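This is what each chain is made of:
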Amino acid sequence: MAKKYFYNRVYNTKRTVIRFIIIGICIVGVIVCFVAVSKFQGENKNTPEKKLNIKNEVTIEVNEKYSDDIFFSKIENVNLDDIKITYDNNFDISTPGRYKVTININNKDYTSTLIIVDTTKPNLLVKELTIKEGESYQASDFVASCTDNSTRECIIEFYTDGVDQEGNKVDYSSYTEAGTYSVKISAKDASNNQIVEETKLIINNKDGSAPKPVQTPDDNSSTDPSLCKYGN
């Protein structure tokens, strides 16, 4: 009888301990799950919302330097390094036109259009030219330098729309007699953007001596009617 009592007492004690261990493990598991869920929810709550709006069209000048963010009207909490942008095979930043752009975000493709325009005039620097009677000249002789954002060569010509005070058309390429003349030079690019600069043509006498001074209409220092704005 005593032996049976002792056995039951020991057995019940072990069973109680096992129950407490199981209950403890369950409680620890519940606590761990609660902490993990709370932390996850807290992280989601503190993570900023990602916003990215793609523009339908973007316009730039030829050879203009730009970054990928020009294709987006809004960028918030997005890493641009994770976005892949590709262009049509015929894309040429030095040539005006419309080019399709593919924007890949998270393995999904979106499209935009890059429009390249040329509205910028060339940069023209002119210089004076001195020749002798009988020598010829051309428009490029008056150009010190000319550059354009297209990187292509400027189209240099005499300005063809110049008129004198009487409204007569001026031909800047036709001066032959000794004198000092006002000359206008035109520079254009392939997109027909034009700039016009004014300079001087000095035609010396055949012996190299300087021409007779020229009086302009607003110069009152002389009343000699033989002196004219466009030479003698």
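Everything numeric in this text was worked out from a predicted model, so none of it was measured. (Residues numbered from 1 in each chain as written. Predicted model: local features only at pLDDT ≥ 70, side-chain atom pairs only at ≥ 80, totals over all residues. Heavy atoms only, no water.)

## What to know about the overall build of the chain
Secondary structure summary: the chain contains one helix and twelve strands in total. With the model as given, the accessible surface of the chain reaches about 16,200 Å², and the carbon-plus-sulfur share is 51%. (Helix = DSSP H or I, 4+ residues; strand = E, 2+ residues; numbered from the N terminus. Areas by Shrake-Rupley, 256 points an atom, 1.4 Å probe, with all protein chains shown as cover.)

## Some thoughts on the sheet that holds strand 11 (residues 179-188)
The four strands are arranged 8-12-11-10 in an open sheet whose pairing can be described as mixed. The sheet terminates laterally at strand 8 (129-132) and strand 10 (155-158), the two strands that pair on one side only. The average angle at which neighbouring strand axes cross in this sheet is 30°, direction not considered. In this structure, strand 8 lies alongside strand 12 (residues 194-204), joined through four bridges in parallel fashion. By the bridge assignment, Leu-129 is partnered in strand 12 with Leu-201. (Pairing = 2+ DSSP bridges. Axes fitted to C-alpha atoms, helices over the stretch in contact; angles between N-to-C directions.)

## Description of the packing of aromatic side chains
Counted under the stated rule, the structure contains eight aromatic pairs. Judged by centre distance (6.3 Å) and plane angle (85°), the rings of Tyr-66 and Phe-71 are edge-to-face. Tyr-66 sits in the partly exposed class, given a relative accessible area of 25%. We classify Phe-71 as buried; its relative accessible area is 0%. (Phe/Tyr/Trp six-rings, centres within 6.5 Å; stacked < 30°, edge-to-face > 60°. Buried < 20%, exposed > 50% of the residue type's maximum accessible area, 1.4 Å probe, protein only.)

## What about the side chain of Asp-189?
Within the element layout of this structure, Asp-189 appears in the loop between strand 11 and strand 12. Buried charge without a salt bridge: Asp-189, with Arg-152 as the nearest opposite-charge side chain at an N-O distance of 8.9 Å. Separated by 2.9 Å, the side chain of Asp-189 and the backbone nitrogen of Asn-193 make a polar contact. Asp-189 has contacts with Asp-118, Thr-120, Pro-122, Asp-148 and Ile-155, leaving out every residue within four places of it along the chain. (Lys, Arg positive; Asp, Glu negative; His and termini not counted. Salt bridge = Lys/Arg side-chain N within 4 Å of Asp/Glu carboxyl O. Polar contact = N/O pair within 3.5 Å; in protein donor to acceptor, adjacent residues only side chain to side chain. Contact = heavy atoms within 4.5 Å.)

## What about the nonpolar core?
Among the nonpolar cores identified, the biggest contains 19 residues, and Tyr-137, Phe-142, Phe-158, Tyr-175, Val-183, Ile-185 and Leu-201 are the most heavily contacted of them. Secondary structure elements with two or more residues in this core: strand 8, strand 11 and strand 12. Broken down by element, this core gets its largest block of residues, four residues, from strand 11. By size, the runner-up hydrophobic cluster in this structure holds 14 residues, among which are Ile-60, Val-62, Val-101 and Ile-105. (Core = buried A, V, L, I, M, F, W, Y, C linked by side-chain atoms within 4.5 Å.)

## Focus on the sheet that holds strand 4 (residues 83-87)
Within the open sheet, the four strands sit side by side as 2-6-5-4. Their pairing is mixed. Of all the strands in the sheet, just strand 2 (57-61) and strand 4 have a single pairing partner and so form its edges. Each strand of the sheet is rotated relative to its neighbour by a mean of 30°, with strand direction disregarded. In this sheet, strand 5 (residues 97-105) lies alongside strand 4 in antiparallel orientation, the contact comprising five bridges.

## A short note on a nonpolar patch on the surface
A surface patch of nonpolar side chains, about 280 Å² in accessible area, is lined by Ile-23, Ile-27 and Ile-31. One can find Ile-23 in helix 1 (residues 2-46). (Patch = residues over 30% accessible without salt bridge, like charges linked within 9 Å, V, L, I, M, F, W, Y side chains within 5 Å.)

## Some remarks on unusual backbone geometry
Most peptide bonds adopt trans geometry, and most residues besides glycine take a negative phi value. The backbone phi angle of Asn-107 is positive, close to 65°, even though this residue is not glycine. Looking at where Asn-107 falls in the secondary structure, it is placed in the loop between strand 5 and strand 6 (108-117). At Asn-192, a position not held by glycine, the phi torsion is positive, near 70°. Mapped onto the elements of the fold, Asn-192 is located in the loop between strand 11 and strand 12.

## Some thoughts on the state of the cysteines
Taken as a whole and judged by the stated rule, the model has one disulfide. Two residues, Cys-146 and Cys-154, share a disulfide whose sulfurs are 2.2 Å apart. As the torsion about the S-S bond is roughly -90°, the Cys-146-Cys-154 disulfide counts as left-handed. Look at Cys-146 and you get partly exposed, because its relative accessible area is 23%. (Disulfide = S-S within 2.5 Å.)

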